[in-house]
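# Chains, contacts and geometry: an overview
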Amino acid sequence: NEFKHEVWCDEIIGEWNVSNNTGIYQEKISSVVRLKKKVFNKAFPTVLQSLKSNVVDFGEYDVIVSHFGTRAWHDLPYVSKKTNLKKVVRFYGYDLNVGKCSDVWRKRYAQIFKKYDIIVSMGPAMTRQLIDIGAPKGKVIESALGIDQEDMLEIKTNIKSCVDPLKIIIIGSFVQKKGIPLAIEGIADFVKQTKKDVQLTIVGDVNKSDRGSLLEG
């Protein structure tokens, strides 16, 4: 079956190599409109939404997937009146925390929860938090990021064929939900069981308030 998919973003950085059936659209906003965006977003959000110009004809598509709840709010003015367009939003964590801490974003998310057809959660804990801030339980589905462990069990890997040393990189902010200590423990277990040399690189950052305790640890 043939399908067409497009990428829509605020800004295109560098050159992208895409397949023949993929297009990348940049939202065309001038510096003047960007200034209006900052001013109107606080005082007249509905006016701002009406000023936005659409660079993608969403009427041509069957599904839109908005990554992050904050992006869904950005996309909402363009897609809310497309009755035949299925709307999916995936939450990741940062966007959920914004909704929990900000009354403004709670009101915005209420509109997203009403207009979007599917709300994708990363797991049971996030599902509960989404429901707590107003997401309809019937719209929330869970889809964790990462590998399917059941499928991985069927893959036979010859450890001897791995690069020596095996190079692993972990990229993410140094916060509990990223599970970096668990990853390190898992890699340590791998080394013990296989006697394989591993070169581990960790890249990330931490909030200023936590940097002192991190350095002390």
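Attention in this report is confined to the structure presented alongside it. As the structure is a prediction and not an experimental result, all values here were calculated from the model.

Alignment of strand β7 (residues 166–171) against strand β8 (residues 198–203), held across six bridges, turns out to be parallel. For Ile 170, the partnering residue across the bridge sits in β8 and is Ile 202. In this view, the connection linking β7 to its parallel neighbour β8 by way of helix α8 (residues 180–194) has right-handed handedness.

Okay, a nonpolar patch on the surface next. A cluster of nonpolar residues, Ile 169, Ile 171 and Val 203, forms a patch on the protein surface that exposes about 300 Å² of accessible area. Among the structural elements, Ile 169 can be located in strand β7.

A separate point is the pattern of salt bridges. Close approach of charged atoms allows side chains with opposite charge to pair. Overall, the coordinates contain one salt bridge when judged by the stated rule. Of the charged contacts in the structure, one is a salt bridge between Arg 71 and Asp 75, with a shortest N-O distance of 3.0 Å. Linking Arg 71 with Asp 75, this pair stays in helix α3 (residues 69–79), spanning four residues, or about one helical turn.

Turning next to the environment of Arg 90. Within the secondary structure, Arg 90 is located in strand β4 (residues 86–90). C-alpha of Arg 90 to C-alpha of Ile 141: the two residues are 51 residues apart in sequence and 9.6 Å apart in space. When neighbours within four sequence positions are excluded, Arg 90 is seen to be in contact with Ser 66, His 67, Phe 68, Gly 69, Asp 95, Val 120, Met 122, Ser 143, Ala 144 and Leu 145. A polar atom in the side chain of Arg 90 sits 2.3 Å from the backbone oxygen of Ser 143.

To continue, consider the sheet that holds strand β6 (residues 140–142). Pairing is parallel in the open sheet, where four strands are placed in the order β3-β4-β5-β6. If you trace the sheet from one side to the other, it starts and ends with β3 (63–67) and β6, each paired once. Mean inter-strand twist for the sheet, computed between neighbouring axes without regard to direction, equals 25°. Bridge analysis of β4 against strand β5 (residues 118–121) gives three bridges, and the strand direction is parallel. Each residue of the ladder has a partner; that of Arg 90, found in β5, is Val 120.

On to α8. Taking 1.5 Å of rise per residue, 15 residues should cover 21 Å, and α8 covers 21 Å from first to last C-alpha, within 8% of that figure. Looking at the residues trailing α8, positive phi occurs at Lys 195, about 60°.

Core analysis: the biggest nonpolar cluster contains 24 residues, and Phe 91, Ile 112, Phe 113, Ile 119 and Leu 130 have the highest contact counts within it. Sorting the residues of this core by element identifies α3, α4 (94–101), α5 (103–115) and α6 (124–132) as the ones contributing at least two each. Here this core takes five residues from α3, the largest share from any one element.

Parameters at a glance
- Residues numbered from 1 in each chain as written.
- Predicted model: local features only at pLDDT ≥ 70, side-chain atom pairs only at ≥ 80, totals over all residues.
- Heavy atoms only, no water.
- Pairing = 2+ DSSP bridges.
- Helix = DSSP H or I, 4+ residues; strand = E, 2+ residues; numbered from the N terminus.
- Right-handed = clockwise from strand over helix to strand, strands pointing away.
- Patch = residues over 30% accessible without salt bridge, like charges linked within 9 Å, V, L, I, M, F, W, Y side chains within 5 Å.
- Areas by Shrake-Rupley, 256 points an atom, 1.4 Å probe, with all protein chains shown as cover.
- Salt bridge = Lys/Arg side-chain N within 4 Å of Asp/Glu carboxyl O.
- Contact = heavy atoms within 4.5 Å.
- Polar contact = N/O pair within 3.5 Å; in protein donor to acceptor, adjacent residues only side chain to side chain.
- Axes fitted to C-alpha atoms, helices over the stretch in contact; angles between N-to-C directions.
- Expected span 1.5 Å × (residues − 1).
- Core = buried A, V, L, I, M, F, W, Y, C linked by side-chain atoms within 4.5 Å.
- Buried < 20%, exposed > 50% of the residue type's maximum accessible area, 1.4 Å probe, protein only.

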